[in-house]
Amino acid sequence: MNFKRIPLSALVGIIATGGFLFVAVFAPALAPYGMAEIVGDVWEPASDEFLLGTDNVGRDLLTRMMYGARITIFIAGAATIFSFVMGSVLGFTAAVTGGWFDMVLSRFVDLLMSIPTLIFALVVLSVLPGNLVTLIVVMGVLDSTRVYRLSRAVAVDINVMDYVEAARLRGEGTRWIVFREILPNALSPLVAEFGLRFIFAVLFLSSLSFLGLGIQPPEADWGGMVKENKEGIIFGIPAALIPAFAIAVLAISVNLVADWILNRTSDLKGGRG
Amino acid sequence: MSDNLLEIKNLKIGATVYPPGEKPHDITIVHDVSLDLKKGQVMGLIGESGAGKSTIGLSSMSYGRGGVEITGGEVFVNGRDILKIQAHGLRELRGREVTYVSQSAAASFNPAMRLMDQVIETTLLHGLSTKTQAEERAIELFRSLGLPDPENIGNRYPHQVSGGQLQRVMTAMALCPKPDLIVFDEPTTALDVTTQIDVLAAIKKAIRDTGVAALYITHDLAVVAQVSDEILVLRHGNMVEHGTVQQIIEEPKEEYTQELVKAHSITHEEKKPTDNPILRVENITASYAGTIKVLKDVSVDIHAGQTLAVVGESGSGKSTLARVITGLLPPSEGRIVFDGKELTPALPNRSLDDLRELQMIYQMADVAMNPRQTVGQIIGRPLELYFGMKGAEKRKRVIELLDEIEMGEKFIDRYPAELSGGQKQRVCIARSLAAKPKLIICDEVTSALDPLVADGILKLLLDLQKIENVAYLFITHDLATVKSISDSIAVMYLGELVRYGTKSEVLSPPFDDYTDLLLSSVPEMKLGWLEEVLADRKMESAGN
């Protein structure tokens, strides 16, 4: 691969996303203080000691941001991957097999989508035991309805191509048709959607935490940090805006990368670029 | 200045290409082409795909399609160099002095507007006449183009008329503003032969009646011979030969022109039917969604190592027959016996061996291959699936097959997008041969190809038949192809078998009306053929 051929926008995206990932992975080593350690006064301004200042109980904000990146990216990423695996496999299979399987699944998805996601998640999370796995599964399932619809729509188009018919006439099973004939050709829209859905997952997780049903304190996550520090805004303390800003930057950089990958995979050469 | 209406001098047209994995670079599509056209004359531009014929045609409106740029030369229309005039002047020119008729009328009409509004749109836009006058003229044109119910057809929407009619409406649209020049871009290529002949006659009559000059672009020499006065033969953007119709057809000078004139000259000795047909289709009746019968009581036999050609126009049920045989559409009545045993009607219940012995090749080779698989993977898959071949053994066999289709090992790692149309079809042939089938269904396999490329494919199919002793069910609408390769012929019309027998039986008189229509509609490479045929026709095509 030739690095000179990566467009500037993608390069910016890669560097920023890479930076976030790096911080997320090595947070314990990079962070200047402990995650829940109270090291200073409440809402201290930025100084040499606390690069971003301190939060509402006097913990170092930079440290919290780093640990927050770790947990936010991990949960959003896991939920997105879960939703893509489930949504696309079911969506492709529904498009390929059709009949009652497609009908039942599609109507069930319609049903799930007719309930506002946030309210649905609030109800489910308040009933189920509050741990990471529950959170990931609930977010994944709710997101997979959208992935299901997209994959099914894309696969229905591909399913009528002559090469899929040829594969059927050759005697290939559903698994071959889904993974070898349809998946490689449906990749571009899915990759683009992946970037978008990942960011929605970050936002969704932040909303849940903000409402108190996501990550539980004292664990740090960006949505929770906005919640903890939101009172400061009236006093002109920017502590709540820092995690909000991080969410925005992550959203933009991930999408810059997704755009670029989309361009590459829609290449004529079968995505070798 | 001379009395030339259109004068193209040393035209050069270029474009920038973006090949995957390489730097974008400029290429020249048209090299130094010059031509003159007098008032009321018709010039035929002929050549295969990529010859630059459409590009040259559009240059007479100073238009370059999709990133194509006119890089040099001069184009004079009515004495002015239209490459030098500004957008405003071009707007005056286009649709007033020069109009355009495109290949697929169905894709060119706005589906949400009535035909009449679209036909008179340009005329009104240029303020050439009032709405009433324009409508009167349109109706007059509809009548002279032989459209049914000329007074009211304008009130219909594009989907309410047939393809041949739509093409004629488009011709009326081009004629309506009384232009000096019309560019016809393959106006009959997408039509059935029986419809093509009507459209051709209508276009010819309209040109004669209105005295308009025309550039007629096509890849079919026999068609262009019927309508034009002069022919310009193009290849890879170069002029090959220019002459009168008579000279080009009767005494072509250049080797390439001679090949074009000779296209469809493959011959094949008819084989006698055997006692045990490999495939027996017995009294098949089939319908989509259980309502309209698309096939009515069809019975045909195919013999080992022989070719049955199924001919008919669109909607005759010939592709449905293929779907029934392959099991994609289980018939409502009748049965199919393959190699001595009855085939299960529905595809999912057939054994892998039955599937292997019955292969299919499609019309559009580009969508019949997964764009994300290499040639090696495409041809290798049947080997893996049916014979369990792997690794080096599989690769060796793939290379053998590539040699058989005259392509060779260097193509093994290419993707379909990196192949030409003819090469793609060859790969599809190799893929079906890999299964060592007893019967291959060929569904219009040469229809999307240029004549010379198509001839190459037919020759390959015939050679392979000799080596592999495979039978073909050859579905086509092109009778010239049928004559070249078949041993027996089935003629279909609206789902029924109207004529069936060996090639010599079917192609010798006395003919039934439909076979006669079909046979007489195939354009012949001689002057005055169109008039002769129209004079003694017995019935109209189904598309009318």
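In this text, all values refer to a predicted model and were calculated from it rather than measured experimentally. (Residues numbered from 1 in each chain as written. Chains lettered and ligands numbered in written order. Predicted model: local features only at pLDDT ≥ 70, side-chain atom pairs only at ≥ 80, totals over all residues.)

Some thoughts on the overall build of chain A
Summing up its helical and strand segments, chain A has ten helices and zero strands in all. Secondary structure elements of chain A, listed N to C terminal, follow the sequence α-α-α-α-α-α-α-α-α-α. Each principal axis of the C-alpha distribution contributes one length, and for chain A these read about 75 × 50 × 30 Å. Each of the 273 residues in chain A was classed as buried or not, and the buried ones make up 41%. Considering only contacts in chain A between residues 6 or more positions apart, those separated by 24 or more positions represent 67%. (Helix = DSSP H or I, 4+ residues; strand = E, 2+ residues; numbered from the N terminus. Buried ≥ 20, exposed ≤ 12 C-beta atoms within 10 Å, placed from the backbone. Contact = placed C-beta atoms within 7 Å.)

Overview of the sheet that holds strand 4 (residues 68–77) of chain B
Residue and element names in this part refer to chain B. Read from one edge to the other, the open sheet built from four strands follows the order 2-1-4-5, with strand pairing classed as antiparallel. With one partner strand each, in any of the chains shown, strand 2 (25–38) and strand 5 (80–81) form the two edges of the open sheet. Direction of pairing for strand 1 (residues 4–17) relative to strand 4: antiparallel, over a ladder of eight bridges. Each bridged residue has a counterpart across the sheet, and for Ala-15 the counterpart in strand 4 is Val-68. (Pairing = 2+ DSSP bridges.)

Digging into the pairing of strand 1 of chain B
Taken together, the ten bridges between strand 1 of chain B and strand 2 of chain B define a ladder with antiparallel strand orientation. Directly across from Ile13(B), in strand 2 of chain B, lies its bridge partner Val30(B).

Considering the interface of chain B and chain A
Facing the 19 residues of chain B at the interface are 16 residues of chain A. Mapped onto the side of chain B that touches chain A, the elements with two or more residues apiece are helix 13 (352–357) and helix 14 (375–387) of chain B.

A closer look at the sheet that holds strand 11 (residues 277–288) of chain B
All names here are of chain B. Reading across from one edge, 12-11-14-15 is the order of the four strands in this open sheet, with antiparallel pairing throughout. At either margin of the open sheet sits one strand with a lone partner, and together these are strand 12 (292–303) and strand 15 (341–342). Along the sheet, helix 12 (residues 318–326) contacts strand 11, strand 12 and strand 14 (333–338); its crossing angle with strand 12, the most-contacted strand, is approximately 70°. (Axes fitted to C-alpha atoms, helices over the stretch in contact; angles between N-to-C directions.)

Thoughts on the packing of helix 14 of chain B against helix 15 (residues 391–404) of chain B
All names here are of chain B. The geometry of helix 14 relative to helix 15 is characterised by a closest axis approach of 9 Å and an angle of 115° between their N-to-C directions. The two elements helix 14 and helix 15 cross, and the hand of that crossing is right-handed. From helix 14, Gly-376, Ile-379, Gly-380, Leu-383 and Glu-384 reach across to helix 15, where they touch Lys-394, Arg-397, Val-398 and Leu-401. Among the residues forming the contact of helix 14 with helix 15, the class breakdown is four nonpolar, two polar and three charged. (Left-handed = near helix turned anticlockwise from the far one by under 90°. Nonpolar A, V, L, I, M, F, W, Y, C, P; charged D, E, K, R; others polar.)

Regarding unusual backbone geometry
With the exception of glycine, the majority of residues adopt a negative phi angle, and the majority of peptide bonds are in the trans configuration. Residues and elements named next belong to chain B. Along the chain, Pro-509 connects to Pro-510 via a cis peptide bond; the corresponding omega equals 5°. Mapped onto the elements of the fold, Pro-510 is located in the loop between helix 19 (503–506) and helix 20 (513–521). Positioned with a positive phi, Asn-10 is a non-glycine residue whose angle comes to about 45°. Turning to its location among the elements, Asn-10 is positioned in strand 1. By C-beta crowding, Asn-10 is classed as exposed, having 11 other C-beta atoms within 10 Å.

Overview of the confidence of the model for chain B
Confidence in the prediction of chain B, expressed as mean pLDDT, is 85, and 97% of residues score 70 or more. Reported confidence for the predicted complex is 0.77 by ipTM and 0.80 by pTM. (pLDDT = per-residue confidence, 0-100.)

So, the pairing of strand 16 (residues 358–361) of chain B
In regular strands, side chains alternate between the two faces of the sheet. All names here are of chain B. Burial of the side chains of strand 16 extends over both faces: Leu-358 and Met-360 are buried on one face and Gln-359 and Ile-361 on the other. When strand 16 meets strand 17 (residues 439–443), the two strands line up parallel, connected through four bridges. The residue bridging Met-360 from the neighbouring strand is Ile-441, located in strand 17.

Topic: the nonpolar core
Formed by 223 residues in total, the largest nonpolar core has its most connected members in Ala172(B), Ala214(B), Tyr216(B), Val310(B), Leu439(B) and Leu473(B). With 16 residues, the top contributor of residues to this core is helix 3 (residues 61–97) of chain A. The contact partners of Ala214(B), leaving out residues within four places of it in the chain, are Val42(B), Leu181(B), Ile182(B), Phe184(B) and Ile207(B). (Core = buried A, V, L, I, M, F, W, Y, C linked by C-beta atoms within 7 Å.)

Details of the packing of helix 3 of chain A against helix 6 (residues 132–159) of chain A
Residue and element names in this part refer to chain A. Two elements in contact, helix 3 and helix 6, have axes whose closest approach is 5 Å; the angle formed by their N-to-C orientations is 35°. The handedness of the crossing between helix 3 and helix 6 comes out as right-handed. Classifying every residue of the contact of helix 3 with helix 6 gives 19 nonpolar, nine polar and two charged.

A few points about helix 3 of chain A
All names here are of chain A. The end-to-end C-alpha separation of helix 3 is 52 Å, in line with the 54 Å expected for 37 residues at 1.5 Å each. With 27 of 37 residues buried, helix 3 is to be regarded as a mostly interior element. Backbone geometry just after helix 3 places Gly-98 at a positive phi near 65°. (Expected span 1.5 Å × (residues − 1).)

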